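Overview (structure and organization)
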Amino acid sequence: MDLSRIRNIAIIAHIDHGKSTLADRMLELCGAVDPRDMRAQYLDSMDLERERGITIKLQSVRLDYRDHVVNLIDTPGHVDFGYEVSRSLAATEGVILLVDAAQGIQAQTLANCYLAIENDLEIVAALNKIDLPAADPERCCEEIERILGIPADQVLRISAKTGEGVPELLDAVIERIPAPKGDPDAPLQALIFDSHYDQFRGVVSSLRVMNGTLRTDAKLRFMQAAAVHPAEEVGCRLPTPTPFRSLGPGEVGYLIAGIKDVGEARSGETVTEASNPATEPLQGYQEPKPMVFCGLYPIDGDEYPRLRESLDKLRLNDSSFTFAPETSGALGFGFRCGFLGLLHMEIVRERLEREFDLSIIATAPSVAYRVTVRGGREVTVDNPSELPPMGEIEQIAEPYLQTTILAPSDYTGAILDLCQSKRGEMIKLEYLSPERIELGYKLPLAEVVIDFFDQLKSRTQGYASLDYEPAGYQPGNLVKVDILLAGDPVDAFSSVVHRDRSEEYGRAMTEKLRELIPRQQFDVPIQAALGGRVIARSTVKAYRKDVTAKLYGGDISRKKKLLEKQKQGKKRMKAIGRVEVPQEAFISALRLD
Amino acid sequence: MAMLYVHVPFCPTICPFCSFHVLRPRDDLVGAYLDELGRELGEVAERSAGAAIETVYLGGGTPSQLTDAELGRLLDDVRRALPVAPDAEVTLEVHPGHVDRSRARTWEALGITRVSVGVQSTSDDALRRLGRSHDARTALDALDDVRGTGVTLNADVISCVEGQDLAADLAAVVARGIDHCSVYTLTIEPDTPFARRGVRVDEEVERRAILTAAEVLGAAGFERYEVSNHARPGHRCRHNSGYWAGESWFGVGPSATGHEPGHVRRTNPGFEAWLDGGRGAPTVVADPEVERLFTGLRRIEGVELPDGRWDAEVDRLVADGLLERRGRTIRATAAGVLVLDSVAATFL
Ligand SMILES: Nc1nc2c(ncn2[C@@H]2O[C@H](COP(=O)(O)OP(=O)(O)OP(=O)(O)O)[C@@H](O)[C@H]2O)c(=O)[nH]1
Ligand SMILES: C[S@@+](CC[C@H](N)C(=O)[O-])C[C@H]1O[C@@H](n2cnc3c(N)ncnc32)[C@H](O)[C@@H]1O
Ligand code: SF4
Ligand SMILES: [Mg+2]
């Protein structure tokens, strides 16, 4: 296919600025979806995406527009899914940078725009939602010019809701974004930018051909994995997956090569032809470093092997989480998993439960600490229960974040207060305009993980946005707080907190657990302890009375069913020693109001 | 051996706490009811293969809502259809407002051996709160009237009513010479006026009521033989004991349940459908051992543990002080009785 007639683009923006809705209008304009099948955010195909109204996974689609082929990738906006954006950008020559005309530039607008610039991509900026009464296109254009250096007169104005301006935007894409380059006769080099496991077909990969031609039935070599598989099916998503005989340079599509081993077609892999291989693989991806960790355990211990297999398959589709086996005294065999943020953690847990039909417990999220023990040796600990005894610890250093907060200047005071209370250190305070500020803060990651973002939103009525990146480690006055249930420490509840907050934390934790743990046949004392010292306590009182007053013949089976149902509810609980603890108790541990 | 339960769905008024299958008094329906009951007894006769009936329980509802002639016809029908043992226990549930000395004598003459009076409380205030249609005087007189005959006399008492002095209520019924006393903590059944009004019973109040009942009645010479049932020696209710021991019984009348030989359970439909000949479909109880344990644990003397099952569970409950075990017999401890539902749930 003639390279000059191909355009490869991604839509990038801050969360909820309308990327997926814009993709809807483009699908319609290009006649890609039967109007009867059309639904809002068509490309958000996962149940979880539809329920939460956010994009979690990148989605690519091939469109025909004015004699051109436009390969479009819709990306997520939430900061936890940033790795999806960076992988998408490696498959494109340009981006549509979408900005909500009522909200203006937000933290991930900046972050994603810089990412596009780093990748040398052409940027077509567009103001979206101009149909909204609160839209202020003039101010937004000014902001874009001043902050991003994109001339105001080049910024398009559209409504992804009404479709206004969308044809002009596609025209601009064709005019301004460069066509891909590549040599059809060179040895094949194609970059896998996404994969998932299909229970019938094995691994299905999304890829972008850089050089050469990918043909159906060709014998392919997966360069990093050093494996050879035949190309069973090559095709494009239109958006319905449709087989093609071949894909040339600059084209984007999918590949099914009958691969059952999920290790073999990971994102970042280079595919070449076995008979005429490329000499060099393409530059792969730098996998992001996880920031928060938790233990994932099957409620039913027998499901452990299936959990491992499911994690393997899921990781093929989301390589931004990590996992390694661990054991817990309370929970048995499980995995220590690393995530890019709390939302990411929740999504992975939910996907495991839904897509793989598992029931799992997630322990309280933690960050990775660097602990110096007596004698100067340093160890990294991402599970508080594995912290060496306090007496052996010389110093605990915790990870920090460099955060960028954008907000209306009215809220400056409220934000400063919040950051201060979270042990933040101010790096920058800049007025982007008389009404808007940019704040730079160095904050302990652990504080951000807990509830920083929720509080930031509530203190600024939702107007502040936050972006962050890792900023090294700093020593802190940190201590481990243990939680004891009925006298026994429960490793899954251990937490590392700042010493000044330890008592408050202990009180909140014991109180929270008292509410979450159902009453049992005996009193359950709950204690928080620092070292050997109890710093807070509460008790789940036993039932005072739990017996049916009158059980006559006709009532036996009804009553039995009622008790059976109650017992069924307990299946979602984990017995720790003698105490039944519900799933929520584990994850709520760090979510203290 | 087998037992027979007859459900009589008529009541003088419908109490706001009650969830039994009952109708307002409908004199016009009684004839049809008795006719249908006769037919159903015939069906039971075919299934029961001549098994002797050791106990008959006329419950409800309020069987005393029927006239004595109607009661006589009902018992005749029963005896004609089934071989009722000569020494059978025959219980009649009665409303205090229905009792007088002459009726009590008639009941005895009809072969009734046990009369259960729905006293509920001996405080007018508590009776009003319960929405009962009788007062304390009537209830105590009813006990007096039945006591003169040779039948076993039970009083039903409901505890945990606001403002009630349970010990005083129990002392009052004991003083009338009862042989048996059932004391039920007020249960808020779903879809009753009490539930809709949001009436609540405090767990601690219930706990104390259960302990008080055992204490007061124990001191008066009654033996507690089930969670809520207390009897003078020799006066336990054989029919109810049969339920808890896992015996078989036939159930006739609307909404009645039977648990027939071979662990076949049937539950009849409500009045209208039943009158049209509708009957409960037979289902086989999946794990009768579970049921036997579930009900058997309600008996203070305990229940036999089947071989090779639940030993670990029992050990744990024994360690917790909720069960006692002697050989293969297990029984709830004093603490265990108070949380018996969660103890029993262990075996489900
Ligand atoms: N009024 C108006 N609403 C819009 C417009 N575009 C999108 N929306 C609404 O904005 C919300 C977010 O739209 P999405 O398309 O899901 O946003 P997104 O950028 O894909 O969000 P993420 O993928 O989660 O980052 C939805 O409720 C859309 O209906 C627009 O042009 N006008
Ligand atoms: C079918 S009635 C007995 C006879 C008659 N119908 C009467 O009420 O006088 C059975 C007994 O169950 C008890 N009972 C009914 N509903 C109850 C409830 N919601 N809570 C506690 N006991 C209840 C009462 O003590 C009642 O006497
Ligand atoms: S408590 Fe007795 S009288 Fe009252 S409605 Fe129930 S069955 Fe009828
Ligand atoms: Mg989206």
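Please read all numbers here as calculations on a predicted model, not as lab measurements.

Residues and elements named next belong to chain A. Annotation of chain A at the domain level lists domain 1 (3–176), domain 2 (189–273), domain 3 (292–365), domain 4 (370–476) and domain 5 (480–589). With centres defined by C-alpha atoms, the gap from domain 3 to domain 5 works out at 23 Å. Across the boundary between the two partners, domain 3 contributes 16 residues, which contact 13 residues of domain 5. Both sides of the domain 3 and domain 5 interface together cover about 1200 Å² of buried area, and 58% of this is carbon and sulfur. Taken together, the connections running from domain 3 to domain 5 amount to zero salt bridges.

A word on the packing of aromatic side chains. Evaluated as defined, the whole model comprises 17 aromatic pairs over all chains. On the basis of an interplanar angle of 85° and a centroid distance of 5.3 Å, the ring pair of Phe10 of chain B and Tyr33 of chain B is categorised as edge-to-face. Taken together, the positions of Phe10 of chain B in the loop between strand S1 (2–8) and helix H1 (27–48) and Tyr33 of chain B in helix H1 put the pair 23 residues apart, joining distant regions of the chain. Geometrically, the ring pair formed by Phe17 of chain B and Phe194 of chain B is edge-to-face, given 6.1 Å between the ring centres and 65° between the ring planes. Placement of Phe17 of chain B in the loop between S1 and H1 and of Phe194 of chain B in helix H7 (residues 193–197) is noted, with a sequence separation of 177 residues between them. Judged by its relative accessible area of 4%, Phe194 of chain B falls in the buried class. Among the aromatic residues, those joined into a ring-pair cluster are Tyr304, Phe321, Phe323, Phe333, Phe335 and Phe339 of chain A.

Turning next to the site of ligand 2. All names here are of chain B. Contacts to ligand 2 come from 19 residues, most closely from Thr62, Gln120, Arg132, Asp156 and Thr187. Contacts to ligand 2 include Phe17, whose backbone N or O atom sits 3.0 Å from a nitrogen atom. At 2.9 Å from a nitrogen atom of ligand 2 is found a main-chain nitrogen or oxygen belonging to Thr187. In the complex, the protein chains occlude 95% of the 560 Å² of accessible area that ligand 2 would expose alone. The set of elements that each furnish at least two residues to the shell around ligand 2 consists of strand S3 (84–94), strand S4 (114–120), strand S5 (152–159) and strand S6 (180–185).

Turning our attention to the site of ligand 3. Around ligand 3, the neighbouring residues are Cys11, Ile14, Cys15, Phe17, Cys18, Val22, Gly61, Thr62 and Arg132 of chain B. A per-class count over the shell around ligand 3 returns six nonpolar, two polar and one charged.

Right, let's talk about helix H6 (residues 166–175) of chain B for a bit. Residues and elements named next belong to chain B. Residues of H6 that are buried: Leu166, Asp169, Leu170, Val173 and Val174. The buried residues of H6 occupy an angular sector of 130° when the element is viewed end-on, so they sit on one face. With its phi angle positive at about 80°, Gly177 sits one or two positions after the end of H6.

Under the definition given, this model contains 73 salt bridges over all chains. Among the ionic pairs, Asp35 of chain B bridges to Arg73 of chain B, the shortest N-O distance being 2.7 Å. With Asp35 of chain B in helix H1 and Arg73 of chain B in helix H2 (residues 68–81), this pair connects stretches of sequence that are 38 residues apart. Two residues, Asp77 of chain B and Arg80 of chain B, come together in a salt bridge whose shortest N-O distance is 3.4 Å. In this pair, Asp77 of chain B and Arg80 of chain B both sit in helix H2, three residues apart, roughly one turn of the helix. The exposure class assigned to Asp77 of chain B is buried, which follows from its relative accessible area of 14%. Salt bridges linked by common partners bring Glu51, Arg52, Glu346, Glu350 and Arg354 of chain A together as one network.

What follows concerns the coordination of the magnesium ion (ligand 4). All names here are of chain A. Looking at the magnesium ion (ligand 4), one finds its protein donor set to be Ser20 (OG) and Thr55 (OG1), positioned 1.9 to 2.0 Å from the metal centre. Placement of Ser20 in helix H1 (residues 19–29) and of Thr55 in the loop between helix H2 (47–52) and strand S2 (59–65) is noted, with a sequence separation of 35 residues between them. Taken individually, Ser20 and Thr55 each receive the classification buried, so the pair is uniform in this respect.

The subject of this paragraph is the sheet that holds strand S6 (residues 156–157) of chain A. Residue and element names in this part refer to chain A. In spatial order, the strands read S2-S3-S1-S4-S5-S6; together these six strands make up an open sheet with mixed pairing. What marks the edges here is a single partner per strand, and that holds for S2 and S6. Pairing of strand S1 (residues 6–13) with strand S3 (residues 68–74) involves six bridges; the strand directions are parallel. When the sheet's bridge partners are listed, Ala10 is paired in S3 with Ile73. Sitting on the sheet, helix H5 (residues 137–148) touches strand S4 (94–100), strand S5 (122–128) and S6, and the angle it makes with S5 is about 155°. Each of S1, S2, S3, S4, S5 and S6 is contacted by helix H6 (residues 166–176), which is oriented at about 170° to S5, the strand it contacts most.

Conventions we followed
- Residues numbered from 1 in each chain as written.
- Chains lettered and ligands numbered in written order.
- Predicted model: local features only at pLDDT ≥ 70, side-chain atom pairs only at ≥ 80, totals over all residues.
- Heavy atoms only, no water.
- Domains from an automatic or database assignment.
- Contact = heavy atoms within 4.5 Å.
- Buried area = accessible area lost by both parts, 1.4 Å probe.
- Salt bridge = Lys/Arg side-chain N within 4 Å of Asp/Glu carboxyl O.
- Phe/Tyr/Trp six-rings, centres within 6.5 Å; stacked < 30°, edge-to-face > 60°.
- Helix = DSSP H or I, 4+ residues; strand = E, 2+ residues; numbered from the N terminus.
- Buried < 20%, exposed > 50% of the residue type's maximum accessible area, 1.4 Å probe, protein only.
- Near = heavy atom within 4 Å.
- Polar contact = N/O pair within 3.5 Å; in protein donor to acceptor, adjacent residues only side chain to side chain.
- Areas by Shrake-Rupley, 256 points an atom, 1.4 Å probe, with all protein chains shown as cover.
- Nonpolar A, V, L, I, M, F, W, Y, C, P; charged D, E, K, R; others polar.
- Arc of directions from axis to C-beta.
- Donors = N, O, S within 2.8 Å, 3.2 Å for Na, K, Ca; no water.
- Pairing = 2+ DSSP bridges.
- Axes fitted to C-alpha atoms, helices over the stretch in contact; angles between N-to-C directions.

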